Amino acid sequence: MAKRKSKGPKQHKFRDKLLLNQWLMSLFGIDPLREGAKKRPFHKLAEPIRDPRLEGLDKDNLHHFFHSLTRSPLFSYAGVDTGTLQLSREQLLVYEENIVRHTQAIKAKRHRPVVWKYYQWLSLLFVEIYLDRYFSDRESLLAALNDYVDRFNRRHTEYADMDTFNEDELNKLSLQNATGSGKTLLMHVNYLQYKHYSKKYGKENDLSRAILISPNERLSEQHIDEFSESNIGASNFSKEGHNLFTQALGLSRVDILEITKLGDKEGPNTIATRSLGDQNLLLVDEGHRGLSGINAKADENAWFKNRAMLCEKGFTFEYSATFDQAVSGTGHEDDYAKTVVFDYSYRWFYEDGFGKDYQILNLPESFDETRAVYLTACLLKFYQQLDIYADKSQVLQSFNIEKPLWVFVGSTVTGGKLGKDEQIVATDVAQIIAFIADFLSSKDKACRRMEEILTGNGQDTGLLDSNGVDIFESSFTWLAKTMNAGLSYDDLYKNILQALFNTNTGGHLALDRVKGESGEIALRVGTSETPFGLINVGDAKALADHIEGVANQDGLSLSVEDSDFSQATFDSVKNSSSPVNLLIGSKKFVEGWDCWRVSTLGLMHVGKSEGAQIIQLFGRGVRLKGYDWSLKRSGHSYAPSIPPYIEELETLNVFGVEADFMEKFRQFLADEGLPGNERRRVFKIPLNVTYDFGKKLQIIRPKRKTDDGKEYDFKKDAPVPSLGQL
């Protein structure tokens, strides 16, 4: 590729130079390069179809989206004969029928129907348009794209030029859709879309295999189950004994393979990348992996090289919520800006009312002195969610609210001697465990802290942010109501033990290291056999040894033992029926974790080169099923009534044990154009109350007429003015 020349000092932000996406938008009569546009081009396209009441099919098995878009004033411009690549209603109908057919295919075996959101339907429509042109006339597609690149460069003369497209760059599409927005189902339909067009244009035998690249074995198994639900054949490539001589089956099925299993040579745990050829249809889950450029680890750079080798003469779909954060500032940035076919990143997801709201519980400036009080307040914030969920479970059913889960997450702790990042995470985990042990063993101290938090203010507790504002101001309205009804702090403590810690009495904290390779440590209280928490950070023994050392040094009431049980419990944590209320984990479970429970998120240490992980962590917490599976917060849904206090359960509380990482998190939100959502400050305005002194209030009113006692009416009773002679 030719080296990009620079005409000016400025560099486009990644989101502003998504050339393929912008070109596709222009086919609908929307010009992303028009000066003075007050509305984002995507919003213009989405406006006719954003209403969730348009979801679903009509009696003719066509999406209501299709009718609304083609009848809108916007689409009338797309039929103008300004070029061979403009869209017509007839073309759009063909694409719509394809989307419906593929959707019917993947939902045939499902218990819950597949009903697309507007942004999902647009994603599929954009892929339809692209694949049709890619297979039917690649030369014209290339020319049209490069015409747009030329216009783009002329429009932005103060910025560095973007390179034009080469033909060998046309075989990759990237979908940047927010976590929780349904990327997996899009992937399934994209696979069927590619099969359809390759067959339509006589290319169905050109590729050797369809391969899904997954980050880890757990996610591979999850993908196999999901493909099965979509009635698509799939299996784990390495587990089924595939090797260099295994017969390729074309596009008839999907082989699933972890990126870590690809290597230069065949081995016990690796597959030689070259043995799979370079003519494959590649589906890459968590496509941001290995794109961190100079900040990437050596194995991550190898991952990118290996997956690129697999599809050099094939085709690739890549999926991630974080391409922007992963590639910005790297050598991959411009390349990926030319592959993003659809962009629905978290900013737009949140703006449309999808997913939970969030609140950042800022670290106080005096964190070291107020750590115990701060963590107690965070514990109360989570318990408040648990208590509301238990009290209002019946009225919450139609909103599909899951049982709240408290999650701490940070870097992985691996085997052997702890590295710098791992040492920091182990220290963070030890802080959390020490706090829990103290809360369980020191009832009086815990009750004093809770009373101080619920009755005092930031000046009393020291929980003030850098602006002197009480971090938890107005955060405990539900608990305040409960306490005002006569609940004592002893009773509150007992309720917390029962609801959060699965015990009737406090006391000794026990850590049970689960046998085997699961990397799990179960947390329970005293003689209780029911765990309330789970630690999953990779090397459980290294972490357990570290915590035991801290406990002995500080005299904590806890013990660390090897458990007699070997069954791992992480996979069941995602279910509301799980007794686990607290999960302390590494970032390894973040990618693709299918969990809707996370309601309170504690941020531990994450390495400096792992910026994309911030969004992955955040994305796991803001997932929301919503009323009637709308995926939306209740205030943005069409629910006939909204239960009181539901907003507490539709809000992700974010706090941290490291000020630097909290600052990184806030900066991510700012870069995304999102509000910080720190707790709004409440101003109390004193009012002068007027008491009843037994006298009538004097008011001004018209006089009454003497004849009938009625008040004079200006329109009826006023004299009619008359004009004199001019």
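Quick caveat, the model's predicted, so the values are computed rather than measured.

**Concerning the environment of L454**
Move 1: Here L454 lies in helix α17 (residues 443–455).
Move 2: On a C-alpha basis, the gap between L454 and F476 in space is 7.2 Å, while along the polypeptide they are 22 residues apart.
Move 3: Excluding anything up to four places from it in sequence, L454 contacts L380, F476, L479, M483, Y489 and L492.

**A closer look at the sheet that holds strand β1 (residues 172–177)**
Move 1: Strand order in the open sheet made by the seven strands is β3-β4-β2-β7-β8-β1-β9, with parallel pairing throughout. Both outer strands of the open sheet, β3 (234–236) and β9 (340–344), are each paired with one neighbouring strand and no more. Ignoring strand direction, the axes of neighbouring strands in this sheet form an average angle of 15 degrees.
Move 2: Where β1 lies against strand β8 (residues 315–320), five bridges are found, and the strand directions are parallel. Paired with L173 across the strands is F317, a residue of β8.

**Things to note about the pattern of salt bridges**
Move 1: Summed over the entire model, instances satisfying the criterion amount to 26 salt bridges.
Move 2: Note that K261 and E258 form a salt bridge whose closest N and O atoms lie 2.7 Å from each other.
Move 3: A relative accessible area of 15% places K261 in the buried class.
Move 4: Look at E258 and you get buried, because its relative accessible area is 1%.

**Focus: the environment of D491**
Move 1: Along the chain, the position of D491 falls in helix α20 (residues 489–499).
Move 2: The spatial distance from the C-alpha of D491 to the C-alpha of C447 is 9.7 Å, given a sequence separation of 44 residues.

**Points about the confidence of the model for the chain**
Move 1: With 82% of its residues at a pLDDT of at least 70, the chain reaches an overall mean of 84.
Move 2: This stretch, residues 80–85, has a pLDDT under 50; its non-local contacts, to residues over four places away or in other chains, come to six contacts.

**Quick look at empty space enclosed by the protein**
Move 1: Overall, the coordinates contain six cavities of 30 Å³ or more when judged by the stated rule.
Move 2: In this structure, the largest cavity spans a volume of roughly 80 Å³.
Move 3: Forming the boundary of the largest cavity are K356, N400, I401, E402, P404, W596, R597, S599, R623, L624, K625 and L649.
Move 4: For the lining of the largest cavity, the residue count by class is five nonpolar, two polar and five charged.

**With respect to the nonpolar core**
Move 1: Y118, W121, L125, F317 and F618 are the most contacted members of the largest nonpolar core, which totals 115 residues.
Move 2: Among the elements that take part in this core, helix α6 (residues 118–136) stands out by supplying 13 residues, more than any other.
Move 3: Apart from the residues lying within four places of it in its own chain, the contact partners of F317 are V127, L131, L173, L175, N190, Y194, L281, L282, L283 and V284.
Move 4: Among the nonpolar cores identified, the runner-up in size contains 70 residues, and A377, I432, M450 and L492 belong to it.

The rules behind the values
Residues numbered from 1 in each chain as written. Predicted model: local features only at pLDDT ≥ 70, side-chain atom pairs only at ≥ 80, totals over all residues. Heavy atoms only, no water. Helix = DSSP H or I, 4+ residues; strand = E, 2+ residues; numbered from the N terminus. Contact = heavy atoms within 4.5 Å. Pairing = 2+ DSSP bridges. Axes fitted to C-alpha atoms, helices over the stretch in contact; angles between N-to-C directions. Salt bridge = Lys/Arg side-chain N within 4 Å of Asp/Glu carboxyl O. Buried < 20%, exposed > 50% of the residue type's maximum accessible area, 1.4 Å probe, protein only. pLDDT = per-residue confidence, 0-100. 1 Å grid on protein atoms, 1.4 Å probe; cavity = no way out; pocket = protein on both sides within 12 Å on 5 of 7 lines; lining within 4 Å. Points joined across faces, edges and corners; volume = space filled by probe spheres on them. Nonpolar A, V, L, I, M, F, W, Y, C, P; charged D, E, K, R; others polar. Core = buried A, V, L, I, M, F, W, Y, C linked by side-chain atoms within 4.5 Å.

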